[in-house]
Amino acid sequence: MTLDRILLAEPRGFCAGVERAVQVIDLVLEAYEAPIFCRREIVHNRHVVEVFESKGVTFVEELTEVPDNATVVFSAHGVSPTVWAAAEARGLTVIDATCPLVTRVHLEVKAYVKKGLSILYIGHAKHDEAVGVMGEAPDRITLIETVADAESAVVADESKVVCLTQTTLSVDDTQEILNVLKSRFTQLVVPPKSDICYATSNRQLAVKKLCEEVDLVLIVGSSNSSNSKRLVEVARSCGTAAHLIANAGELNMEWLTDVRTVGLSSGASTPELLVDGVVEILQTKGTPSVGQVTVAIEDTVFRLPRELQQAGS
Ligand code: SF4
């Protein structure tokens, strides 16, 4: 059987936060003297990191690997206050590429703590974003990863509790956890605007729509990209076979056996050229048409950090 159709999900790939982070590090390379360091992967995509390594950026896990007084970029996932304090103590020049939507969750934590609330934070342990957010108030935040965690969570005062979330979670799984929390904590505060960002929600919705028409879904993204992994789960929860691949080289042609229509999407940190590479390989499997399933048109653009606004204009 040959492949008849390739359907691309729209939106897919780079979100406004990733576009901004990539632009930030490009402008830092232009405007600041070498060496330039970046704490953790600027975005969770190996290809993006390798491109910047080839331009001279040194990626480090911790600030202890950065020499005093050097220039360091903080990644799109944000950092905890202890990291900011360490940078200041070392005299480092920091350019912050944290996505403004992640920063918003940090600010929510501070505001709710000030009001005396305990925070139930739905997220993934060890993810850079979760570590940064939880660092804002480690004594007041309880991490909730699963329904079981929601069922057993304990807070100091059940009349003063709020639920916040990581930006890149599964919309459906989070709702399930939230329902448990709401049933246990009847006065639970839930911010009016979900912390799960527009890009995460749109990409999940587009994959669901794809699943109505395709036999197989391929998600292009790195294995440490939270939102890419969620896209695979979303497709599978729709009953459609799905695989996460970093690039065309990871495509296993055996997956295409008996597949007439393949759906393709990519995580918010995946460059479009990696999707193009997969389309090219798929086109060797017959003469498939290439179409698109669109659920939203995104036009969000975030302002650059103040230090770079002139360089970017
Ligand atoms: Fe920001 Fe959402 Fe993109 Fe994360 S996925 S960088 S929160 S816009």
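See the structure above.
Just so it is clear, the structure is predicted and the values come from calculations on it, not from any experiment.

Asks: When you look at the site of the ligand in this model, what are you seeing that I'm missing?
Replies: By nearness alone, every residue bordering the ligand is listed as Cys 15, Gly 17, Cys 99, Thr 167, Thr 168, Cys 197 and Tyr 198. Put simply, the ligand lies in the largest cavity. Looking at the shell around the ligand residue by residue, the class counts come to 4 nonpolar, 3 polar and no charged.

Asks: Looking at this structure, I do not really get the packing of aromatic side chains. What am I missing?
Replies: Describing an aromatic ring pair means giving the distance of the ring centres and the angle of the ring planes. Taken as a whole and assessed by the stated rule, the structure comprises 1 aromatic pair. Consider the rings of Phe 74 and Trp 84, whose centres lie 4.9 Å apart with planes at 80°: the pair is edge-to-face. Of this pair, Phe 74 sits in strand S4 (residues 71–74) while Trp 84 sits in helix H3 (residues 81–89), and the two are 10 residues apart along the sequence. Its relative accessible area of 36% is what places Trp 84 among the partly exposed residues.

Asks: Any chance you could explain the nonpolar core here in plain terms?
Replies: In summary, soluble globular proteins display a tendency toward joint burial of nonpolar side chains. If you look at the biggest cluster of nonpolar residues, it comprises 31 residues, and the most contacted ones within it are Val 24, Ile 25, Ile 42, Phe 52, Phe 59 and Val 73. If you list the elements that add at least two residues to this core, you get helix H1 (16–31), strand S2 (36–39), helix H2 (46–54), strand S3 (57–60) and helix H4 (100–114). The biggest single contributor to this core is H1, with 8 residues. Phe 59 has contacts with Ile 25, Cys 38, Arg 40, Glu 41, Ile 42, Val 49, Phe 52 and Glu 53, leaving out every residue within four places of it along the chain. One finds Ile 6, Leu 218, Val 220 and Val 278 within the second-largest nonpolar core, a separate group that totals 18 residues.

Analysis parameters
Residues numbered from 1 in each chain as written. Predicted model: local features only at pLDDT ≥ 70, side-chain atom pairs only at ≥ 80, totals over all residues. Heavy atoms only, no water. Near = heavy atom within 4 Å. 1 Å grid on protein atoms, 1.4 Å probe; cavity = no way out; pocket = protein on both sides within 12 Å on 5 of 7 lines; lining within 4 Å. Sits in = over half its atoms within 2 Å of the grid points. Nonpolar A, V, L, I, M, F, W, Y, C, P; charged D, E, K, R; others polar. Phe/Tyr/Trp six-rings, centres within 6.5 Å; stacked < 30°, edge-to-face > 60°. Helix = DSSP H or I, 4+ residues; strand = E, 2+ residues; numbered from the N terminus. Buried < 20%, exposed > 50% of the residue type's maximum accessible area, 1.4 Å probe, protein only. Core = buried A, V, L, I, M, F, W, Y, C linked by side-chain atoms within 4.5 Å. Contact = heavy atoms within 4.5 Å.

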